[in-house]
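So you can see what is in the structure, the chains are spelled out below.
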Amino acid sequence: MLPFIIAIVSAAGRYAGLCILLFLVLGGLGLAYTARNLAIDTDTDHLFADSLPWRQAQIEEDKNFPQFNDLIVAVVHAATPEEAGETAAALNAALNADKKNFLNARYEAGDSFYRDEGLLLLPTEDLAKLLNQIVAAQPFLGQLAADPSARGLLTGISLIAQGVQAGSDISPYEGALAGLSKNLNAAAAGHPVPLSWQSLIMGDSPGQGDTAFVLAHPHLDQGTLQPGGAATRALVRIAATLPDVKAGRAKVDYTGQIPLSDEQFASLTHGLVLGGVISVLLIALWLYLALRSWRLILPILLTLVMGLALTMTYAAIVVKVINLISVAFAILFIGLAVDFAIQYCVRLRAVRHDMPALDGALTETARQAGGQIALAATATACGFFAFSPTPFVGVAELGEIAGAGMFIAFFCTITFLPALLRVFNPRPEAAPVSLPGGAAVDGFLQRHKRAVLSGFGVLAIAGGLCAATLNFDANPLDTKDPNTESMRTIRGLLGNPQTNPFYADALAPNLAAARQLADRLGQLPEVSQAISGATFVPEQQDQKLAMLAQARTILAPTLQDAANPPQAQVTPAALRAAMAKTIAAIDTIAGKLPKNSALLQIAAALKTLEGEDDARVMAMNAAITRFLPLQLRNLTSSLNAQRITEANLPQSIKADWFLPDGRVRVEAFPAATAQTTKGLSGFAKAVLAVAPRAGGPAISTIATAGTILSSFREAALLAFIAISVILLLVFRNLRDSLLVLATLGLSALLTALFAKLAGMSINYANIIALPLLLGVGVSFNVYFVMNFRAGMRSFLASATARAVLFSALTTGTAFGSLAFSADRGTASMGDLLFLSLGAVLISTFVFLPALLHAFDDVGKT
């Protein structure tokens, strides 16, 4: 092998011009091909093999319920449920009208089904309680139906005051009165706000709340890095025009798969240019300190560019589509390929001190370092290729590209680089090339090797303990920039189990089975609630319909008045008269009320309003009664609910919960304890114990973590075997092979120790630091051990040590720049890469020399 390498280097130097021309043509054609054919897949689902059971379940679910894929989710927050509902309805209509940016949109809670039949969805006990409250308030509601104005409301409050005078218990009204007092005080201060009659009359009915969701399917522009960017911007523009948003009474946030993916790419590219410039400047500085000549630095940089271009071409030809993880091959290539070039050039400098002629020095450097670089490249490549068979496709592709990249880098180092050096013709060295201070450190390690090795023994044990307890963060949200709109929105939803995106679902064969499965899941302590298609075809409907009929009979006069509201408009004078009567009624019973009574607060607000001008009084009336007619009509509709069957369910609900073959979807929401990876894992395990074929985000998230960890265990074992075999074949010596592997193992343990001390967790983004650790560790260790085999004993004073140090600094600069990324996954990858590189340097520069000195002493004895 070595004679072949020497011959190639010699030929490249002899025919430098032709060699460079061939590479330029090849690189240019390769980049042109890459630009047209290499694509990037941003879908994180595609990071894993479709053959995995949990991926098959995920694929089936996506096929069965495509309406839940590729969404922008608009989250409407408002001061009242009515404002949330009308804002969501207006937004939904506007999005459906914008055919340029949206395929469709839907506001599920705005379906008339929830208004008309929603009460039947309540448990019987809850329905009875609600109807009792409504019937008890019949006198109050009757007054409002007959006079749907602030005058009618104040007359009703006067009736409540009379009830206090008669000794009645008004505690059921305290909540409503407290809310009313806030509205009247705001009106008295000149800031009238709408009163939520929905909350006062209906309470928390199905489909209601001050948060509403609009689900939109955008048109995606796949030719950009942010395919849904135009649609998201359109949504923001439309939302800003909505009346309640303009008035500051509602706001529209957004999240969903599309904006989360778009924002991740935006955060990945944020500061990329500035970070790249700073990184290049620092790399140039390290190269200058290592090589002291632009005639050496420029050939290295050009060799890196050429190698990267050829590696990209390989990716375009073989892989074709790279993903969010395999895209990191460029970083790995630069970080590792620069080591080969630096090794060759620093060793060339050392050779030229004794052999000034460039042609002979190129060949001699190949003889001294070519075999070492070849072994380092081969071992590193095999370490990367070990990831190829794993089902973690993201890292498998990364391993395939990076592994091939190592051979490409080696080939460029023994061909393109010598040709460039021949053209640039660096000057001979006037002084020996070494690492300043290296001899002193070598002497220290020689004298104190036992103490040093004992210290590393302690650190290895500590690292082993840390590795066993190092946390794996399976939550993909923790790898994203927390300051983006989508992430802020989704974080706000996590606190509510019913809006937590990490739910689980399963399919039951029929309605009865779905009801049973939901009941079993709902009884689990890890589950906050379980619903299914059967939830929308409730049980005990005969009893519920009878209860509604009874309430409808009692409220008949009220409902009749609500259907025919008076047409005459109330006047400021009439309102002031009503205020005066209400104030007098409350003053009469003031002594019977506690000081913090809502009735007293209402009286105080009315006394202020009495003295205000007509405009303020009428503004109060408009705000108080804005949603009253709507809610009276909704009450009438709710009490006239009709029996629900699977056949008469709205198509939108059927599509979400029923399949054409009769199967029914069941969905379980996690309890609050599922906020952490451990809690989410417990939720997933509990659900799977009841429904073994369950899927959904919670199941796939935990299964993803298991796939990642098992893939890395498998790859680590394969890499260890492959590297061991290569080392044994080359060294033909068990001891020297174990020296490399032991140092590599220590690097891994130190990385675990440093990560634990830094409070880091392993995630699917930063876990790719482990292949890098493998590659850099093998390369550096091979150089030192091969020098030891060649008889060198001044390890740190050598040109090799100088090359390794500045190679590490160059690699560390390239990787360390990632730590400043706005994307948390990329930043954590940079952090862990930097820590692992530090662990490799410590192992290579301190542990390995001490170990080699110890073996040298044994050999002498």
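Quick caveat, the model's predicted, so the values are computed rather than measured.

The rules behind each value
Residues numbered from 1 in each chain as written. Predicted model: local features only at pLDDT ≥ 70, side-chain atom pairs only at ≥ 80, totals over all residues. Heavy atoms only, no water. Helix = DSSP H or I, 4+ residues; strand = E, 2+ residues; numbered from the N terminus. Rg over C-alpha atoms; globule rule 2.2 N^0.38 Å. Buried < 20%, exposed > 50% of the residue type's maximum accessible area, 1.4 Å probe, protein only. Contact = heavy atoms within 4.5 Å. Areas by Shrake-Rupley, 256 points an atom, 1.4 Å probe, with all protein chains shown as cover. Lys, Arg positive; Asp, Glu negative; His and termini not counted. Charge placed at Lys NZ, Arg CZ, Asp CG, Glu CD. Pairing = 2+ DSSP bridges. Expected span 1.5 Å × (residues − 1). Arc of directions from axis to C-beta. Phe/Tyr/Trp six-rings, centres within 6.5 Å; stacked < 30°, edge-to-face > 60°. Lys NZ or Arg CZ within 6 Å of the ring centre and 35° of its normal. Axes fitted to C-alpha atoms, helices over the stretch in contact; angles between N-to-C directions. pLDDT = per-residue confidence, 0-100. Salt bridge = Lys/Arg side-chain N within 4 Å of Asp/Glu carboxyl O. Core = buried A, V, L, I, M, F, W, Y, C linked by side-chain atoms within 4.5 Å.

Considering the overall build of the protein
From N to C terminus, the protein includes 36 helices and nine strands. What you see for the protein is a C-alpha radius of gyration of 36 Å, clearly larger than the 29 Å of a compact globule of 861 residues, by over 25%. In terms of its C-alpha atoms, the protein occupies a principal-axis envelope of roughly 110 × 60 × 55 Å. When the 861 residues of the protein are sorted by exposure, 54% land in the buried category. Long-range pairs, those at least 24 residues apart, make up 82% of the contacts in the protein with a sequence separation of at least 6. Counting every atom, the protein has about 35900 Å² of accessible surface; 62% of that belongs to carbon and sulfur. Distance between charge centroids for the protein: 9 Å, based on 59 positive and 61 negative side chains.

Looking at the pairing of strand E7 (residues 504-508)
With four of five residues buried, E7 is to be regarded as a mostly interior element. As paired strands, E7 and strand E9 (residues 664-670) are joined by five bridges and run antiparallel to one another. Paired with Ala 506 across the bridge in E9 is Val 666.

Section: helix H21 (residues 449-469)
An ideal rise of 1.5 Å per residue puts 30 Å on 21 residues; H21 measures up with 30 Å between its terminal C-alpha atoms. Taken as a whole, H21 has its buried residues at Lys 449, Val 452, Phe 456, Gly 463 and Cys 466. Within H21, the buried residues cover an arc of 100° as seen down the axis, which keeps them to one side. Exposed positions of H21 whose direction lies more than 90 degrees from the buried face are Arg 450, Ala 451, Val 458, Ile 461, Leu 465 and Ala 468.

Considerations on the packing of aromatic side chains
For the structure on display, the rule yields 14 aromatic pairs. Taken together, a centroid distance of 5.0 Å and an interplanar angle of 45° make the contact between Phe 23 and Phe 416 tilted. A residue pair is termed long-range when its members are at least 10 positions apart, and Phe 23 in helix H2 (residues 16-37) and Phe 416 in helix H19 (residues 416-424) qualify at 393 residues. On the accessibility criterion, Phe 23 (6% relative accessible area) is buried. Taking 6.3 Å as the distance between ring centres and 35° as the angle between the ring planes, the aromatic pair formed by Phe 65 and Phe 68 counts as tilted. Among the residues examined, Phe 65 registers a relative accessible area of 4% and is labelled buried. Within the aromatic cluster, the residues linked to one another by ring pairs are Phe 48, Trp 54, Phe 387, Phe 392 and Phe 712. The ring of Phe 65 is capped by Arg 665, whose NZ or CZ atom sits 5.2 Å from the centre of that ring.

Overview of the sheet that holds strand E3 (residues 102-106)
Spatially, four strands are ordered E3-E4-E2-E5 in an open sheet, and the strand pairing comes out antiparallel. The open sheet has two edge strands with one neighbour each: E3 and strand E5 (250-255). Looking at each pair of strands side by side, their axes are set apart by 25° on average, direction ignored. Across six bridges, the pairing between strand E2 (residues 72-78) and strand E4 (residues 211-218) is antiparallel. Looking across to E4, one finds that Val 73 is bridged to Leu 215.

As for the confidence of the model for the protein
Per-residue confidence for the protein averages 87 on the pLDDT scale, and 96% of its residues sit at or above 70. Low pLDDT, under 50, characterises residues 204-208; the stretch is placed with nine contacts to residues that sit more than four places away or in other chains.

Overview of the pattern of salt bridges
Scanning the entire structure with this criterion turns up 24 salt bridges. We note a salt bridge from Asp 147 to Arg 151, for which the minimum N-O separation is 2.7 Å. You can call Asp 147 buried: its relative accessible area is 12%. Residue Arg 151 is classed as partly exposed on the basis of its relative accessible area of 30%. In this structure, the salt-bridge partner of Asp 587 is Lys 607, at a minimum N-O distance of 3.6 Å. Residue Asp 587 is located in helix H26 (residues 572-588), and its partner Lys 607 is located in helix H27 (residues 598-610); the two are separated by 20 residues in the primary sequence.

Things to note about the nonpolar core
Counting residues in each nonpolar core, the largest one holds 132 residues, and the members touching the most others are Leu 291, Ile 300 and Phe 392. The biggest single contributor to this core is helix H16 (residues 329-354), with 14 residues. Discounting chain neighbours no more than four positions away, the residues touching Leu 291 are Leu 296, Ile 297, Ile 300, Cys 345, Val 346 and Arg 349.

So, helix H32 (residues 697-731)
With 35 residues, H32 extends 49 Å between its outermost C-alpha atoms, agreeing within 8% with the 51 Å of an ideal straight helix rising 1.5 Å per residue. Positive backbone phi, approximately 50°, marks Arg 732, located one or two places after H32.

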